[in-house]
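# Summary of structural features
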Amino acid sequence: MSEGLSRTPLYDRHVALGARMVPFAGYEMPVQYPTGILTEHNWTRQHAGLFDVSHMGQCFIVGPDFETTAKAFENLVPADVLGLAPKQQRYSQLLTADGGILDDLMVARSAYPGCEGWLAVVVNASRKAVDYAHIAAHLPQGVTLKTEDASCLVALQGPEAEDVLARLNPAVREMRFMHYESLDFAGMTVHVTRSGYTGEDGFELSPCYDDAGKFWDLLLQDERVKPIGLGARDSLRLEAGLCLYGHDIDETTSPVEADLVWSIGKRRRSAGGFPGAARVQKELASGPTRKRVGIKPEGRAPAREGTVIQNMRGDVIGTITSGGFGPTVNGPVAMGYVAAAEAAPGTPVQLIVRDKALPASVVKLPFVPNRFKR
Amino acid sequence: MSVKFTEEHEWITVSGDVATVGITIHAAEQLGDVVFVDLPAIGKKVAKGKEAAVVESVKAASEVYAPIDGEIVDVNKTIADEPALVNKDPEGTAWFMKIRIANPSQLEGLMDKAAYDKFVGK
């Protein structure tokens, strides 16, 4: 299984913890630890879950000053990058010329002395190669892409994450959602953002590659912290209504269809100047033809990705793009695209699962309220 | 008859002309937390090697195959109400279905416990 697959600096830790390792985006990653996905999911909602997300792509866009770099990056994404305050982070998407989504990402404005012209960007593992080629090809003279090939990124997520980290450095209490700091933990310098992908309050933490194991062990020493695999990461983000690239969003879906309009800067909606602006502006003005929505199946049967969605007359109106069992909801949860006319919350639909029509309805996302510390 | 096993990780015991079928401990471990079980209707005809039931974990759906030809005469409603029982006691109280055996000679090709343990690499 390991042929051609990369390993994160925490691979040996996962194996020692008894994780089941699976191939994911070119890496051998833990899908679950011995306690299993349900326990890991619930632990994260109640305490603090520690995730290895070192497979994700950490890179920097480097220019002479913030304005130059921000303007260069605004040519690739629809977010208001120029409007980022120092140490502020934002969610956005790399768009194609047709307004499809090449990848979704996090971008933060650096505040390090001497690095004021830097943006710190995190992209999906499965899209690293595509993204880096695309970004590098579209940056102007004087602005460059700096990638980190050997890096470590872990996420500490859940209601006790702040208390766990504050014991090591109380400065984390001053951070708000989507803020970026460089902090010291037991002598290790760690890049910290207050963000994540579980719907819970939490942090993403990037120590030096050589400190990865020591930092992981330090966090796991706290009894409130348990390691969490990709299986629970998926059920947590699905309940939180968050998109998974390659499933809920891809090069065919626009950010308007994907219900990500909130992430498009107000100035940029009218001014444009990003790839696919024509499509995005047209969809903002007259509405998209389809829309990403939450789908709540009645009963207990999960509806998986690829399940056909019909209206009550039996017409096909869309497809499930993520679906499974939500441990916190204690029932099946899903999201997918439906025709805009049938996208209002409360609309009854039916899902074709194993040749049977299961009753379901369109619901507002998220399934579990987000608990970000704003 | 003692318990027999299939390569698709079902177990089967026979009492008279009725076989009781479930999934093995190994299968339950591989699936992880079971959250949904779809059982066949009583009276349904099933065929050896064809889908008879579905078991879903948080991650994925998997088929449970009929180890023999026959007719469903009973299903375990307890596991439909409490799917987690499939993880707790897969080779005991969490049986899936009872099948009236159509062709007893099909039982002969099944593995015994020693052969199954070897098959899954224990």
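Analysis parameters
- Residues numbered from 1 in each chain as written.
- Chains lettered and ligands numbered in written order.
- Predicted model: local features only at pLDDT ≥ 70, side-chain atom pairs only at ≥ 80, totals over all residues.
- Heavy atoms only, no water.
- Helix = DSSP H or I, 4+ residues; strand = E, 2+ residues; numbered from the N terminus.
- Rg over C-alpha atoms; globule rule 2.2 N^0.38 Å.
- Buried < 20%, exposed > 50% of the residue type's maximum accessible area, 1.4 Å probe, protein only.
- Contact = heavy atoms within 4.5 Å.
- Areas by Shrake-Rupley, 256 points an atom, 1.4 Å probe, with all protein chains shown as cover.
- Lys, Arg positive; Asp, Glu negative; His and termini not counted.
- Charge placed at Lys NZ, Arg CZ, Asp CG, Glu CD.
- Arc of directions from axis to C-beta.
- Pairing = 2+ DSSP bridges.
- Axes fitted to C-alpha atoms, helices over the stretch in contact; angles between N-to-C directions.
- Domains from an automatic or database assignment.
- Buried area = accessible area lost by both parts, 1.4 Å probe.
- Salt bridge = Lys/Arg side-chain N within 4 Å of Asp/Glu carboxyl O.
- Polar contact = N/O pair within 3.5 Å; in protein donor to acceptor, adjacent residues only side chain to side chain.
- Disulfide = S-S within 2.5 Å.

This part covers the overall build of chain A. The helix and strand inventory of chain A stands at 9 helices and 19 strands. For a compact globule of 374 residues, the expected C-alpha radius of gyration is about 21 Å, and chain A comes in at 21 Å, within 12% of that figure. Sorting the 374 residues of chain A into buried and exposed places 57% on the buried side. Taking all contacts inside chain A whose residues are at least 6 apart in sequence as the whole, residues at least 24 apart take part in 65%. Surface summary for chain A: the accessible area is close to 14,900 Å², and the carbon and sulfur share equals 52%.

Check the secondary structure of chain B and you find 4 helices and 9 strands. When the helices and strands of chain B are read in sequence order from the N terminus, they spell out β-β-β-α-β-β-β-β-β-α-α-β-α. Relative to the globule expectation of 14 Å for 122 residues, the C-alpha radius of gyration of chain B, 13 Å, shows essentially globular dimensions. Seen through its C-alpha atoms, chain B measures out along the principal axes to roughly 35 × 35 × 20 Å. For chain B, buried positions account for 49% of its 122 residues. Long-range contacts, defined here as pairs at least 24 residues apart, represent 59% of the contacts in chain B between residues at least 6 apart. For chain B, the accessible surface area stands at approximately 5,700 Å², while carbon and sulfur atoms represent 50% of it. Separation between the mean location of the 13 positive side-chain charges and that of the 20 negative ones in chain B comes to 2 Å.

So, on to helix α2 (residues 37-46) of chain A. An α-helix turns once every 3.6 residues. As a result, residues three or four positions apart point the same way. Residue and element names in this part refer to chain A. Within α2, the full set of buried residues consists of I37, E40, H41, T44 and R45. One face of α2 carries all of its buried residues, which in axial projection span an arc of 135°. On its buried face, α2 is in contact with β2 (27-32), β3 (48-52), β9 (154-157), β13 (225-227) and α7 (230-239).

On to the sheet that holds strand β10 (residues 180-185) of chain A, then. Residue and element names in this part refer to chain A. With respect to topology, 6 strands assemble into an open sheet ordered β10-β11-β12-β9-β3-β13, the strand pairing being mixed. Both edges of this open sheet fall to β10 and β13, since each of them pairs with a single strand only. Within the sheet, the average angular offset between the axes of one strand and its neighbour, ignoring direction, is 30°. In the sheet, β3 pairs with β13 via 3 bridges, with the strands oriented parallel. Residue pairing in the sheet places L50 in a bridge with P227 of β13.

Attention now goes to the domain arrangement of chain A. Here the domain parsing of chain A yields domain 1 (11-54 + 151-239), domain 2 (57-148) and domain 3 (289-363). The straight-line distance from the C-alpha centre of domain 2 of chain A to that of domain 3 of chain A is 35 Å.

Moving on, we come to the environment of L50 of chain A. Within the fold, L50 of chain A resides in strand β3. For L50 of chain A, the contacting residues outside a window of four places in its chain are V154, A155, L156, W216, L219, L220, V225, K226, P227 and I228 of chain A.

Another point: the interface of chain B and chain A. How big an interface is tends to be stated in terms of accessible area lost as the parts join. At the interface, 14 residues of chain B touch 16 residues of chain A. Summing both partners gives a buried area of about 1,300 Å² for chain B against chain A, and 51% of it is carried by carbon and sulfur. At the surface where chain B touches chain A, the tally comes to 4 salt bridges. Taking the shortest distance from any N to any O, the salt bridge between D38 of chain B and R354 of chain A comes out at 3.4 Å. Our count for the chain B to chain A interface comes out at 12 residue pairs in polar contact (both at pLDDT 80 or more).

Here we come to the state of the cysteines. In this structure the tally under the stated criterion is 0 disulfides over all chains. Cysteine C115 of chain A remains unbridged, with the sulfur of C208 of chain A as its closest cysteine sulfur at 14 Å.

We now examine α7 of chain A. Residues and elements named next belong to chain A. Taking burial as the measure, the 10 residues of α7 include 9 buried ones, the bulk of the element. The secondary structure elements touched by the buried residues of α7 are β1 (20-24), β2, α2, β3, β16 (316-326) and β17 (331-339). At the exit of α7 stands G241, carrying a positive phi of roughly 75°.

All names here are of chain B. Strand order in this open sheet of 6 strands is β1-β2-β3-β9-β8-β5, and the pairing throughout is antiparallel. Strand pairing shows two members of the sheet lacking a second neighbour, β1 (4-5) and β5 (45-46), which therefore form its edges. Strand direction decides the pairing type here: strand β8 (residues 70-75) and strand β9 (residues 97-101), joined by 5 bridges, are antiparallel. When the sheet's bridge partners are listed, V75 is paired in β9 with M97.

Residues and elements named next belong to chain A. Mapped onto the secondary structure, A334 falls in strand β17. A residue is classified by how much of its surface remains accessible, and A334, at 0% relative accessible area, is buried. Here the alpha-carbon distance between A334 and L17, two residues 317 residues apart in the chain, equals 31 Å. In this view, A334 contacts L238, V293, G294, I295, A303, I320, S322, G323 and F367; residues no more than four positions away in its chain are not counted.

Moving on: the pairing of β2 of chain A. Residues and elements named next belong to chain A. Among the 6 residues that make up β2, 6 are buried, leaving the element largely enclosed by the rest of the structure. With 5 bridges connecting them, β1 and β2 associate as antiparallel partners. Bridging across to β2, F24 finds its partner in Y27.

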